[in-house]
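The residues making up each chain are set out below.
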Amino acid sequence: MGTLREAKDIFFDKDCVDTITLMTINEDCDLLVELFKRHRDPNFELSSLPYFALFCIEAANRFEDMGISLNTDYGDVFDIKTTRLRLKLFNDKLGKVIKLINKIAYDQDQLFRNKLRFKWLERKNMYYNLGIFFYKGRIIANTYFLISLFDRKNGHYTELNGTDVKNFAEGIGRTIGKIADFSKSIQKNKPDILEKKLQIQYKDVNINKKPLIKIEGEDRSAYSLLLVNVLGNINFTMYLIGDIVGTSVWKLRIRYLSMYYAKEMLARILERIRDSEVAKRISDCINKLNPVFDVDFRNCMMHYSYSKDGVNLIKEDYFDIQNPLFGLCESCFDGLSIEALKEKVEENLVSMGTMIESLLVIDNLNLKCF
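Just so we're clear, the structure is a prediction, and the values are computed from it rather than from any experiment.

How should I be thinking about the packing of helix H9 (residues 220-244) against helix H14 (residues 338-357) in this particular structure?
Any two packed helices are characterised by how steeply their axes cross, that is the angle between the axes, and by the distance between the axes. Between H9 and H14, whose axes approach to 9 Å, the crossing angle comes to 140°. Taken as axis vectors, H9 and H14 run oblique relative to one another. Viewed along their axes, H9 and H14 form a crossing whose handedness is left-handed. Along the contact surface, H9 presents Leu227, Val230, Leu231, Ile234, Asn235, Thr237, Met238 and Tyr239, while H14 presents Glu346, Leu349, Val350, Met352, Gly353, Ile356 and Glu357.

I keep staring at the packing of helix H10 (residues 249-272) against helix H11 (residues 276-287) and nothing clicks. Help me out?
Where H10 contacts H11, the axes come no closer than 10 Å and their chain directions differ by 140°. The orientation of H10 with respect to H11, classified from their angle, is oblique. Like other packed secondary-structure pairs, H10 and H11 cross with a definite hand, here left-handed. The residues of H11 that touch H10, namely those facing Lys263, Leu266, Ala267, Ile269 and Leu270, are Ala279, Ile282, Ser283 and Ile286. When the residues that make up the contact of H10 with H11 are grouped by side-chain class, the tally is seven nonpolar, one polar and one charged.

Please clarify how the environment of Asp363 should be interpreted in this entry.
Secondary-structure assignment places Asp363 in the loop between H14 and strand E6 (368-369). Accessibility expressed as a relative area gives 32% for Asp363, which makes it partly exposed. In this structure, the C-alpha to C-alpha distance between Asp363 and Ile139, residues 224 residues apart in sequence, is 9.7 Å. Not counting residues up to four positions away in its chain, the partners in contact with Asp363 are Phe134 and Lys203. A polar atom in the side chain of Asp363 sits 2.4 Å from the side chain of Lys203. From its side chain, Asp363 meets the backbone nitrogen of Leu365 in a polar contact 3.0 Å long.

Just to check I follow, could you spell out the pattern of salt bridges for this structure?
Close approach of charged atoms allows side chains with opposite charge to pair. Following the criterion strictly, the structure yields 21 salt bridges and no others. Ionic pairing is found between Arg38 and Glu195, a salt bridge with its closest N-O pair at 2.6 Å. Of this pair, Arg38 sits in helix H2 (residues 16-38) while Glu195 is found in the loop between helix H8 (162-182) and strand E3 (200-205), placing the two residues 157 residues apart along the sequence. The partly exposed category is assigned to Arg38, whose relative accessible area is 33%. Under the relative-accessibility criterion, Glu195 is labelled exposed at 70%. A salt bridge links Arg86 to Asp151, with the nearest nitrogen and oxygen atoms 3.8 Å apart.

Mind showing me how you'd approach H14 here?
Since the α-helix packs 3.6 residues into each turn, any two residues three or four apart lie on the same face. Between the first and last C-alpha of H14 there are 28 Å, a value that for 20 residues agrees with the 28 Å anticipated at 1.5 Å per step. Within the span of H14, buried status applies to Ile338, Leu341, Lys342, Val345, Asn348, Leu349, Met352, Gly353, Met355 and Ile356. Relative to the axis of H14, the buried residues are bounded by an arc of 165° and lie together on one face. Buried residues along H14 sit in contact with H9, H10, H11, helix H12 (295-303) and helix H13 (328-332).

Just to check I follow, could you spell out the packing of aromatic side chains for this structure?
Aromatic ring pairs are reported here in terms of the distance separating the ring centres and the angle at which the planes meet. Applying the stated criterion to the full structure yields 18 aromatic pairs. Measuring from centroid to centroid gives 5.7 Å for Tyr306 and Phe326, while their planes differ by 80°, and the two rings are edge-to-face. With Tyr306 in the loop between H12 and strand E4 (307-308) and Phe326 in the loop between strand E5 (311-312) and H13, this pair connects stretches of sequence that are 20 residues apart. Residue classification places Tyr306 among the buried positions, given a relative accessible area of 3%.

Just checking my understanding: could you explain the nonpolar core for this structure?
As a rule of thumb, soluble globular proteins bury nonpolar side chains together. Among the nonpolar cores identified, the biggest contains 126 residues, and Leu240, Phe297, Leu325 and Leu328 are the most heavily contacted of them. A total of 14 residues in this core trace back to one element, the largest contributor, which is H9. If near-sequence neighbours (up to four positions away) are discounted, Phe297 is found in contact with Tyr256, Leu325, Leu328, Cys329, Cys332, Phe333 and Leu341.

Would you explain the sheet that holds E6 in this entry?
What links the strands of a sheet is backbone hydrogen bonding, and the strands pair in either a parallel or an antiparallel sense. Strand order in the open sheet made by the four strands is E2-E1-E3-E6, with antiparallel pairing throughout. Of all the strands in the sheet, just strand E2 (138-142) and E6 have a single pairing partner and so form its edges. As paired elements, E3 and E6 share two bridges and run antiparallel to each other. Counted as the bridge partner of Tyr202 is Lys368 from E6. Contacts from H9 reach strand E1 (130-135), E2 and E3 within the one sheet, and its direction differs from that of E2 by about 115°.

Rules used in this analysis
- Residues numbered from 1 in each chain as written.
- Predicted model: local features only at pLDDT ≥ 70, side-chain atom pairs only at ≥ 80, totals over all residues.
- Heavy atoms only, no water.
- Axes fitted to C-alpha atoms, helices over the stretch in contact; angles between N-to-C directions.
- Helix = DSSP H or I, 4+ residues; strand = E, 2+ residues; numbered from the N terminus.
- Parallel < 35°, antiparallel > 145°, perpendicular 65-115°, else oblique.
- Left-handed = near helix turned anticlockwise from the far one by under 90°.
- Contact = heavy atoms within 4.5 Å.
- Nonpolar A, V, L, I, M, F, W, Y, C, P; charged D, E, K, R; others polar.
- Buried < 20%, exposed > 50% of the residue type's maximum accessible area, 1.4 Å probe, protein only.
- Polar contact = N/O pair within 3.5 Å; in protein donor to acceptor, adjacent residues only side chain to side chain.
- Salt bridge = Lys/Arg side-chain N within 4 Å of Asp/Glu carboxyl O.
- Expected span 1.5 Å × (residues − 1).
- Arc of directions from axis to C-beta.
- Phe/Tyr/Trp six-rings, centres within 6.5 Å; stacked < 30°, edge-to-face > 60°.
- Core = buried A, V, L, I, M, F, W, Y, C linked by side-chain atoms within 4.5 Å.
- Pairing = 2+ DSSP bridges.

Here you go:
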């Protein structure tokens, strides 16, 4: 543990931001490596993919800023930048987002229609076109969102080629390995991984036949899918990750991003939705959220940075080398401790998740195991 004097020496060092950034990257890297070793479930790995992509891209960017090139290669089929951006839950102009969601739904529907031997089954919608993943009875992902993580240059979201996926995953693994090699000499804290056996279940449905969420008005199917995407992101970070990761900055990082972009998507839907009952529930939920939405803090969580325009965002009075985020929480939220922030973030996630679950038509009965 460093003394207060040592902490102040680091704060005034010209390389302070680089030093604490490397410490954070090193800690997250160790945790992700350990997670990958202990949980080789392919469904968990799929749901985790955007968080691994976030780490690879943003850590590599920080290394580049420091003059270190990792020479990353993820193959030439999928765009890892888009995989990372899916953490934002399609956070774009809503009209554009709805077109994308409808495109994914159309491509996936055509994929399963074409597998039918008898066309009369197609006319009666007697086939499945969407898979929903559950953990402990809660939705954590769906196949439309997962297929969107593999963004092709041809703009289609159809069946994946196993070799392409393997090359993509190996590229991510190589990048994490290179970062781990660079940080071998840095003092390490053992990752707080909890012993928990994951059991992910699933349910197949046809969304042409039965909606996921009952919403009236135009684009109701797209709104329904977007809300299920938000719910899956919330439940994955709150409940599944909560069961296997103990105290860590990484867990706060992904929960904060999940919370931030969940609210963003709910606000965008609220602007355009014509179902007054659903709109009221969304509005009431947003208005009751804890006010811990800070763009500078969000940027630090997203980009592995403690600075803005070259200026350290951590105030001198709050800087503490023993603090997991070195005083960033206190600096961005008027003295709020990291533990208090965690509680408020979790409360917001539970509140938004509960609201969306209250709208669900799909149930969690008769789930199947992989």
